Amino acid sequence: MAVSKKKRTLDLNKIPVHIAIIMDGNGRWAEKRRLSRSVGHREGAKAVREIVEEAYDIGVKYLTVFAFSSENWSRPKEEVDELMRLYLEYLKNAENETSDKDVRVRIIGSREGLSDEIIQQIQKVEQKTVDKKRMNLIIALNYGGRQDIIQAVKKMVDDIEKGVIEKRMITEDELQKRLLTEEIPEPDLLIRTSGEMRLSNFLIWQCAYTEFYYSPVLWPDFKKKHFHDAILDYQNRSRRFGGVK
Ligand code: FPP
């Protein structure tokens, strides 16, 4: 039997173009230390900074992080308030932190329910970084994959009614163009931390052929090394997109 040779070091020429991350385990990280969940989220925000830096350095073109799902509003109010404070702080800092970097910041998700302050900050950081090219940092905030598909379908129906497109043009491409991710390529690799193995309504359309990697590490402990392990695992896979090799 032919044994395929496994790569043991990262190939910088084969870095996935788009990596998506479900950053899970902040709460458990805090509970293990008898700390409040808020502390876990704060530590989680630090991990975001480290992974964004590393993604930038190794040449990831698109990095999408799942910060807050449409369903996360059902958490206790204090936790939601704390998370919103963190996002606002992160978006404010992102303006400065990315000023010397070639990073475009975009936020995908519904603006409904977000405070005016957060919405203004989103607009500010998106405008300020719109011409940056090396990396796209996409923050999914108040995002749900099903909701995204519904809003895209509504746009398509509107466009049919207005005569912009015809019914026969209901294709994958036309739907894709109306998703919040529009021209962003589909993720090559999706990482979920904390050992949970599900998609939780994240990029459900876009992940049809994405490679999934589950790490047992809780998000606040997820470091550069773990990120490399995930990419290395990806580099040892064979992607067939439904075909044969
Ligand atoms: C899931 O862990 C994590 C979240 C719902 C929030 C993600 C937020 C961060 C990583 C911090 C800040 C992010 C940015 C972009 C500034 P959990 O709370 O569900 O953990 P558990 O499953 O252990 O309870």
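Our structure is the block above this text.
In this text the structure is predicted, and so the values were computed from the model without any measurement.

Chemist: Outline the site of the ligand, supporting the account with residue identities and numerical values.
Modeler: Within the structure, the ligand sits among 17 residues, and Asp 24, Gly 27, Arg 28, Arg 37 and Arg 75 are positioned closest to it. Gly 25 places a main-chain nitrogen or oxygen 3.3 Å from an oxygen atom of the ligand. With respect to the ligand, the backbone of Asn 26 contributes an N or O atom lying 3.3 Å from an oxygen atom. Compared with its free state, where it exposes 620 Å², the ligand has 91% of that area covered by protein. Those elements that provide at least two residues to the shell around the ligand are α1 (26-32), α2 (37-58) and α3 (77-97).

Chemist: Could you give me a rundown of the environment of Val 103, with the residues and numbers involved?
Modeler: Looking at where Val 103 falls in the secondary structure, it is placed in strand β3 (residues 103-108). Not counting residues within four places of it along the chain, the set of residues in contact with Val 103 comprises Tyr 56, Thr 98, Thr 129, Lys 132, Met 135 and Leu 137.

Chemist: How would you explain the side chain of Ser 70 if you had to name every residue and give the values?
Modeler: Mapped onto the elements of the fold, Ser 70 is located in the loop between β2 (62-69) and α3. Here Ser 70 falls in the buried class, since its relative accessible area comes to 19%. In this structure the side chain of Ser 70 is engaged in a polar contact, spanning 3.0 Å, whose partner is the backbone nitrogen of Gly 144. At 3.5 Å, the side chain of Ser 70 forms a polar contact with the side chain of Gln 147.

Chemist: Mind laying out the side chain of Gln 235, listing which residues take part and the relevant values?
Modeler: Mapped onto the elements of the fold, Gln 235 is located in helix α7 (residues 224-235). A distance of 2.9 Å separates a polar atom in the side chain of Gln 235 from the backbone oxygen of Lys 14. Excluding residues within four positions of it along the chain, Gln 235 makes contact with Lys 7, Thr 9, Leu 10, Asp 11, Lys 14 and Ile 15.

Chemist: Give me the pattern of salt bridges: which residues, what numbers.
Modeler: Per the counting criterion, the structure on display carries 27 salt bridges. For Arg 75, the salt bridge identified is with Glu 79, shortest N-O distance 2.8 Å. For Glu 79, a relative accessible area of 8% translates into the label buried. One network of salt bridges, with partners in common, ties together Asp 24, Arg 28, Arg 192, Glu 196 and Arg 198.

How each quantity is defined
Residues numbered from 1 in each chain as written. Predicted model: local features only at pLDDT ≥ 70, side-chain atom pairs only at ≥ 80, totals over all residues. Heavy atoms only, no water. Near = heavy atom within 4 Å. Polar contact = N/O pair within 3.5 Å; in protein donor to acceptor, adjacent residues only side chain to side chain. Areas by Shrake-Rupley, 256 points an atom, 1.4 Å probe, with all protein chains shown as cover. Helix = DSSP H or I, 4+ residues; strand = E, 2+ residues; numbered from the N terminus. Contact = heavy atoms within 4.5 Å. Buried < 20%, exposed > 50% of the residue type's maximum accessible area, 1.4 Å probe, protein only. Salt bridge = Lys/Arg side-chain N within 4 Å of Asp/Glu carboxyl O.

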